[in-house]
Amino acid sequence: MKFSLVTGLVLMLGLVMSIGTIGMADQASPRIALFVSTINNPYFVTMANGAKAAAEEFGASITVFDGQNDASIQTKQVEDAIAKGYSAILLNSVDQSALVPVVKEANAAGIPVFSVDRDVKGGQRVCYIGTSNVLAAEQGAATFLRALALTKFAKPTPWKIVILEGIPGASAAVEREEGFKNVLKPFIDAGVIKVIADQTAQFDRATGLKVMEDILATTKDIDGLICANDEMALGALRALKEAGVPVGMANNGVIIMGFDAEADAVAAVKAGDMVGTVAQAPFIQGYWGTEAAVKYVQGTWTVPADTQVYKPTGAKFIPTPVAVVTAENADTITTLTLAKPPLPR
Amino acid sequence: METTGRFKLFIGAANRNRILFPFFSLITLIVVSAIVSPYFLTVINIKHLLAQVAIVAVLAVGETYVILTGGIDLAPGSLLALGGAATAALIKWVGLPIPIGILGGLFIGALAGAANGLLVARVRIPSFIVTLAMLAIGRGATLVLTNGRPITGFPHGVSVIASYIGPIPVLIIIVFVVYVLAQLVLSYTKLGRYIYAIGGNEQAVRIVGINVNRVKLFVFIFSGVCAALGGIMMDARLDSATPTAGQGYELDAIAASVLGGVSFTGGVGSLTGTFMGALIMTILGNLLNLLGVAAFYQYIAKGMILIIAAISLSRGVRYAK
Amino acid sequence: MKGVSKRFGGVHALEKVDFSLGKDEVVGLIGDNGAGKSTLIKMLAGVYRPDDGEILFEGRQVEIHNPKEAKSLGIETVYQELALVDNLDIPANIFLGREPTFRIPWLGIIDGQEMERHARQILERLKIKINSMHSPVLNLSGGQRQAVAISRALYSNPKVMIMDEPTAALAVKEVNKVLDLIVQLKKSGVSVIFISHTLQNTFSVSDRVVILRKGQKVGDIATDKTTPDEVVKLMVGAEEAPTGVV
Ligand SMILES: Nc1ncnc2c1ncn2[C@@H]1O[C@H](COP(=O)(O)OP(=O)(O)OP(=O)(O)O)[C@@H](O)[C@H]1O
Ligand SMILES: [Mg+2]
């Protein structure tokens, strides 16, 4: 039995070749804790990489905590970190409201809090470093409309489009939907565009495939597809190709717009299968967040006086760049998304 | 009814009754779907439907084996991702030939299953706990392996797995073969008999000198292999291995088993039922999408179906240990 | 068995108990609840290992590590907590663990017809009528279930048959059937250890009674040299053991 216990555990551990990077704390340098909402998504992996790059560059140690998209887990992690006395907290909150109490605890303990990519609705934050999903989605929808008009101008309206939404209720899903609708609504009302399906595909590639397959069973007459993330767009793209439906502007096919500028999606944009994908800058968010935290702790940086306020939450807002990746800029986009532009002073 | 063939299908009288509920549910669902949606019985939809059911169905085979012994496996969703990613990495990064890469992925699934099995059978930790841990570990290992990013674009051979022979997806053919073999094992072999027996009265099985631990180890390894197979099928379907693949699929696999009449306390049920359960789940999702029902209601509808199934089945259960 | 002891944590289930069983002999094992009867026979059946003492079988010292070894020595057991698998049918229960298979290596394909034929034979020999061989044994009556359990034990022609409270929870008619069965077994050369809380039953079939109390042997007397009253006194400890105390 002992043998089995050991073998079982060794097998389990053997599967986990190394469980990431819980950095050895270096007492002298600032110790930064980054709480990402989930590591289960390339976006946040990139954010963590940006944070690590900055930590190395500015001589700090960084520990990344995976909140597993669970507010109670993240709360616990932040509480533990407060107890361990980190120098600063970078919070990519799972939930806008649920994390407010621990932010207040951190305030009480005198640990500065920076929110990254997703802000919270209360407590003291030094600043919010991120983008507005609504604004970014508006940019994506505008590019989508332009491509649709350029490709389908000869086809009688209404042009038929499909919208794939993210996980129902998730803040990114809600905000991106809002951004899409802000731009598309006037055209829908005017009868230029007809939404033939507006479904969730859970931000998931396999689900995107399945939902699009189901839609294709009802009609192949689709002019456009706009998705709240790339995973769903890529799954749906696969279903369209499988069904022999032409895609891309060059083929006068389905115009597909994604979101997040994942590597696979950027490749699809280059190949002409997708017209674009919205690039937020997770690397810069992680990088700036860490840089700001380190320098703030060392007293060499504070939030610039002329910083705007993020209206939904009232935090001081340092926006990171948003770009729509299209065939024209796809080759150079990584220089933008993996860049290390100077932190606003 | 006495059957006296030399090969006698062993599912027991009560098991036969438990097939009736999923069978009639499935027929009803198909008839209703055909009536309410003109697209349901189209070739393209059926073709898609068969491809869609394949992955959940293959996970459900392993899950059914485990549940029949009175255990539960929460790891299949994660091991799907791990097996799929391992195969993808072996083919794409290491450059191994496709069949070797597939065997490698299945082997990883077996290894993870063996860890589950050893801890459950020998160390006697409840399967719920062990496989819950494996759910986390499998997902973590996948993220480490893939560095959190999808592995995309396989050599052409992989997509053969997700292709169609006429309107029949290759995926469903694979699933069919797995089901037939797995049901034959359950019905006609000692191993299958002991799987049912352990679910019925584990103590009694130990007393007659059967190596219960070995049987349990087997079912968990088998479940791990099924999950990895599901992952490889997913790779082929998406032409990529995503680290988030299969999240929550263990629940679909469990639901398919339960809908198919597999008793949660073990010892009762069959794969025929499980396959019908998987079909019910998939058709329901398909129909709701065809009708354009919003996601919020889809969740509720699926939950209701499960409850109804559980109630109807529990009427017939006199098997609680 | 010589001087066997068994402890469960702090509980001394058995302490230095000697126990013997002759050929063709029926020994009734008697004792209050928790006296250690089941523990004693489980050591013979290979379910527990003794902490101390030794087991001799046909004059040789043996170690019984598991139920399989007990069976191969010719010791079969019908357990108190009826070890039937409720969801399986009668043949499956009788043959559990030794299903006849086709001679195809590795696969272990069960020969269902062969199994059913044998099962019917055994049940006929015990004169037990059961309508449906293929309904789960859960649906059988207590007596029928007992019969299935005994059939299982009988199948391998054992030398020693251990029966732990086979008559508990049975109707009088069915009890008599089981007692008849024990007499039959004895005649066909099987030694029997019989445990029952009904002294009347024990006395009607046993050649000898062994009395346990709180894990110790307090009596070992030929049945025709004692009375139920005397045995009860030994059982509850009201009187010192008159004979055979070691
Ligand atoms: N597996 C076990 N673990 C711990 N204690 C046990 C175990 N089996 C038996 N015991 C204890 O050993 C003692 C003897 O139990 P045993 O079952 O042998 O009694 P018994 O004479 O068969 O009683 P009954 O007439 O009620 O069947 C009891 O105190 C019991 O609680
Ligand atoms: Mg007892």
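Residues numbered from 1 in each chain as written. Chains lettered and ligands numbered in written order. Predicted model: local features only at pLDDT ≥ 70, side-chain atom pairs only at ≥ 80, totals over all residues. Heavy atoms only, no water.

## Let's talk about the overall build of chain B
Quick reminder of the rule: Secondary structure is summarised from DSSP: a helix means a run of H or I of at least four residues, a strand means a run of E of at least two, and numbering begins at the N terminus for each. Each radius of gyration reported is based on C-alpha atoms, and the globular scaling rule is 2.2 Å times the count of residues to the power 0.38. It only takes one pair of heavy atoms within 4.5 Å for two residues to be counted as in contact. Using the Shrake-Rupley algorithm and a 1.4 Å probe, accessible areas are obtained, with residue cover drawn only from the displayed protein chains. In this tally Asp and Glu are treated as negative and Lys and Arg as positive; neither His nor the chain ends contributes. Every charge is mapped onto a representative atom, which is NZ of Lys, CZ of Arg, CG of Asp or CD of Glu.
Broken down by element type, chain B carries twelve helices and four strands. Compactness check: chain B gives a C-alpha radius of gyration of 19 Å against a globular reference of 20 Å for 321 residues, within 12% of the reference. Across its three principal axes, chain B shows a C-alpha extent of roughly 50 × 50 × 40 Å. A separation of at least 24 residues holds for 79% of the contacts in chain B among residues at least 6 apart in sequence. Summing over all exposed atoms, chain B offers an accessible surface of approximately 11,900 Å²; the carbon and sulfur share of this is 73%. Looking at chain B, you have 20 positive and 8 negative side-chain charges, and the mean spots of the two groups are 8 Å apart.

## What about the overall build of chain A?
So the rule is basically this: Here's how the labels work: a residue is buried when its accessible area is under 20% of the maximum for its type, exposed when over 50%, partly exposed in between, all with a 1.4 Å probe on protein chains only.
In terms of regular secondary structure, chain A is built from eleven helices and 13 strands. Here the C-alpha radius of gyration of chain A, 22 Å, is about what a compact globule of 345 residues would show, namely 20 Å. With the principal axes as the frame, chain A shows a C-alpha extent of 65 × 65 × 35 Å. Going through the 345 residues of chain A one by one, you find that 57% of them count as buried. As displayed, chain A has an accessible area near 13,600 Å², and 58% of this comes from carbon and sulfur atoms. Seen as two clouds, the 28 positive and the 34 negative side-chain charges of chain A have centres 1 Å apart.

## Let's talk about the side chain of Lys37 of chain C
All names here are of chain C. Inclusion rule: Salt bridges are counted wherever a side-chain nitrogen of Lys or Arg sits within 4 Å of a carboxyl oxygen of Asp or Glu.
For Lys37, the position within the fold is in helix 1 (residues 37-44). Despite being buried, Lys37 has no salt bridge partner; Glu165 is the closest side chain of opposite charge, sitting 4.8 Å away. When neighbours within four sequence positions are excluded, Lys37 is seen to be in contact with Leu29, Ile30, Gly31, Asp32, Glu165, Ile195, His197 and Leu212.

## Overview of the packing of aromatic side chains
All names here are of chain A. To be explicit about the condition: Two rings from Phe, Tyr or Trp (for Trp, the six-membered ring) form a pair when their centres sit within 6.5 Å of each other. Planes less than 30 degrees apart are called stacked, planes more than 60 degrees apart edge-to-face, and all others tilted.
Under the defined criterion, the tally for this structure stands at 15 aromatic pairs over all chains. The interplanar angle of 15° and the centroid separation of 4.9 Å between the aromatic rings of Phe35 and Phe65 together place this pair among those described as stacked. Of the two residues, Phe35 sits in strand 1 (residues 31-36) while Phe65 sits in strand 2 (residues 61-66), which places them 30 residues apart along the sequence. Given the relative accessible area of 0%, Phe35 is considered buried.

## Quick look at the layout of surface pockets
Note the threshold: Here a cavity denotes grid points, spaced 1 Å and computed from the protein atoms alone, that fit a 1.4 Å probe unable to get out, and a pocket denotes an open set having protein on both sides within 12 Å along at least 5 of 7 lines; residues with an atom within 4 Å of a point are the lining. Grid points are joined across faces, edges and corners, and a volume is the space filled by probe spheres set on the points. The nonpolar class holds Ala, Val, Leu, Ile, Met, Phe, Trp, Tyr, Cys and Pro. Asp, Glu, Lys and Arg form the charged class, and all remaining residues, Gly among them, are polar.
Here the second largest pocket is characterised by a volume of approximately 610 Å³. Lining the second largest pocket are 22 residues, and of these Lys190 and Leu191 of chain B together with Trp106, Leu107 and Gly108 of chain C lie nearest its centre. A total of four residues in the lining of the second largest pocket trace back to one element, the largest contributor, which is helix 7 (residues 170-188) of chain B. Its residues placed into classes, the lining of the second largest pocket shows 14 nonpolar, five polar and three charged.

## Some thoughts on the sheet that holds strand 3 (residues 26-31) of chain C
All names here are of chain C. Let me state the cut-off plainly: A pair of strands is considered paired only if DSSP assigns at least 2 bridges between the two. Axis definition: a line fitted to C-alpha atoms, over the contacting stretch in the case of helices. Angles run 0 to 180 degrees between N-to-C directions.
Taking strand neighbours across the sheet as the criterion, the six strands line up as 6-7-8-3-9-10 in an open arrangement whose pairing is mixed. In this open sheet, the two strands that pair with only one neighbour each are strand 6 (75-78) and strand 10 (216-222). When the angles between neighbouring strand axes are averaged without regard to direction, this sheet yields 15°. Across the sheet, helix 1 touches strand 3, strand 6, strand 7 (160-164), strand 8 (191-195) and strand 9 (208-213), and the angle it forms with strand 3 is around 140°. Of the strands in this sheet, strand 3, strand 9 and strand 10 are in contact with helix 8 (residues 228-236), which crosses strand 9 at around 25°.

## Considerations on the site of ligand 1
All names here are of chain C. For the record, the criterion: Here a residue counts as near a molecule or strand whenever at least one of its heavy atoms sits within 4 Å of it. Pairs of N or O atoms within 3.5 Å make up the polar contacts considered here, provided that, within protein, one atom can donate a hydrogen while the other can accept it, and that residues adjacent in sequence are counted only when both atoms are side-chain atoms.
Taken together, the neighbourhood of ligand 1 is formed by 15 residues, with Gly34, Lys37, Ser38, Thr39 and His197 sitting nearest. A distance of 3.2 Å separates an oxygen atom of ligand 1 from a polar backbone atom of Ala35. Contact with the protein chains removes 65% of the 630 Å² of surface that ligand 1 exposes when unbound. Of all the secondary-structure elements, those providing two or more residues to the shell around ligand 1 are strand 2 (11-17) and helix 1. Tallied by class, the residues present in the shell around ligand 1 amount to five nonpolar, seven polar and three charged.

## Side note on the interface of chain B and chain A
For clarity, the cut-off: In this description, buried area is defined as the sum, over both parts, of the accessible area (probe of 1.4 Å) that is lost when the two are combined.
With 57 residues of chain B at the contact, the number on the chain A side is 40 residues. Approximately 4,000 Å² of surface area, both sides summed, lies buried where chain B meets chain A, with 62% of it carried by carbon and sulfur atoms. The largest share of the area that chain B buries against chain A comes from Arg237, Leu238 and Asn289 of chain B, three residues that together contribute 14% of it. Applying the counting rule to chain B against chain A returns one salt bridge. With a closest N to O distance of 2.8 Å, Arg237 of chain B and Glu213 of chain A form a salt bridge. Applying the counting rule to chain B against chain A returns 14 residue pairs in polar contact (both at pLDDT 80 or more).

## Some remarks on helix 9 (residues 212-238) of chain B
Residue and element names in this part refer to chain B. The condition that has to hold: Helix span, expected: 1.5 Å multiplied by one less than the number of residues in the helix.
Here helix 9 contains 27 residues, and its C-alpha end-to-end distance of 39 Å stays within 8% of the 39 Å for a straight helix at 1.5 Å per residue. With 22 of 27 residues buried, helix 9 lies mostly within the body of the structure. The backbone nitrogen of Asn213 lies 3.3 Å from a side-chain oxygen of the residue at the head of helix 9, namely Asn211. Downstream of helix 9 by one or two residues, Asp239 has phi in the positive range, about 55°.

## Side note on the domain arrangement of chain A
Residue and element names in this part refer to chain A. Put simply, the test is: Note that the domain bounds reflect an automated or database-derived domain assignment.
Considered domain by domain, chain A is made up of domain 1 (2-131 + 281-320) and domain 2 (133-279). The partner domain 2 presents six residues to the six residues of domain 1 that form the contact. Between domain 1 and domain 2, roughly 470 Å² of surface is buried when both sides are summed, and carbon and sulfur atoms account for 44% of that area. Looking only at domain 1, the three residues that lose the most surface to domain 2 are Tyr43, Arg118 and Thr131, adding up to 46% of its buried area. The interface formed by domain 1 and domain 2 holds zero salt bridges in total. In this structure, the connection of domain 1 to domain 2 is made through zero residue pairs in polar contact (both at pLDDT 80 or more).

## Some points on helix 3 (residues 76-92) of chain B
Over its 17 residues, helix 3 of chain B extends 23 Å from the first C-alpha to the last, a length consistent with the 24 Å expected when each residue adds 1.5 Å. Of all the 17 residues making up helix 3 of chain B, 15 are buried; the element is thus mostly covered by neighbouring parts of the structure.

## What to know about the interface of chain B and chain C
The partner chain C presents 36 residues to the 29 residues of chain B that form the contact. Both faces combined, the contact of chain B with chain C buries some 2,700 Å², and carbon together with sulfur accounts for 58% of it. Put simply, chain B and chain C have zero salt bridges between them. The interface formed by chain B and chain C holds seven residue pairs in polar contact (both at pLDDT 80 or more) in total. Sort the elements by how many residues they give to the side of chain B that touches chain C and helix 8 (residues 190-207) of chain B lands first, with eleven residues. Looking at side-chain class alone, the side of chain B that touches chain C contains 14 nonpolar, eight polar and seven charged residues.

## Details of empty space enclosed by the protein
Following the criterion strictly, the structure yields eight cavities of 30 Å³ or more and no others. There is about 80 Å³ of room inside the second largest cavity. Along the walls of the second largest cavity sit Ile207 and Val208 of chain B together with Ala45, Pro67, Ala70, Lys71, Ile75, Glu76, Thr77, Tyr79 and Arg152 of chain C, which together make up its complete lining. Put simply, the parts of the chain that give the lining of the second largest cavity at least two residues each are helix 2 (67-73) and strand 6 of chain C. For the lining of the second largest cavity, a count of residues per class yields seven nonpolar, one polar and three charged.

## Let's talk about the sheet that holds strand 12 (residues 315-319) of chain A
Residues and elements named next belong to chain A. With mixed pairing, the seven strands of this open sheet are ordered in space as 2-1-3-4-5-12-11. Each edge of the sheet is formed by a strand with only one pairing partner; in this case those strands are strand 2 and strand 11 (308-310). Going across the sheet, the axis of each strand differs from the next one's by a mean of 30°, ignoring polarity. Of the strand pairs in this sheet, strand 3 (residues 88-91) and strand 4 (residues 113-116) are connected by three bridges, and their pairing is parallel. In the sheet register, Leu91 faces strand 4, and the bridge partner there is Ser115.

## Quick notes on the arrangement of the chains
Take the two pairs of chains in contact: the one carrying the most contacts is chains A and B. At the level of C-alpha atoms, the two units chain A and chain C stay apart, their nearest approach being 16 Å.

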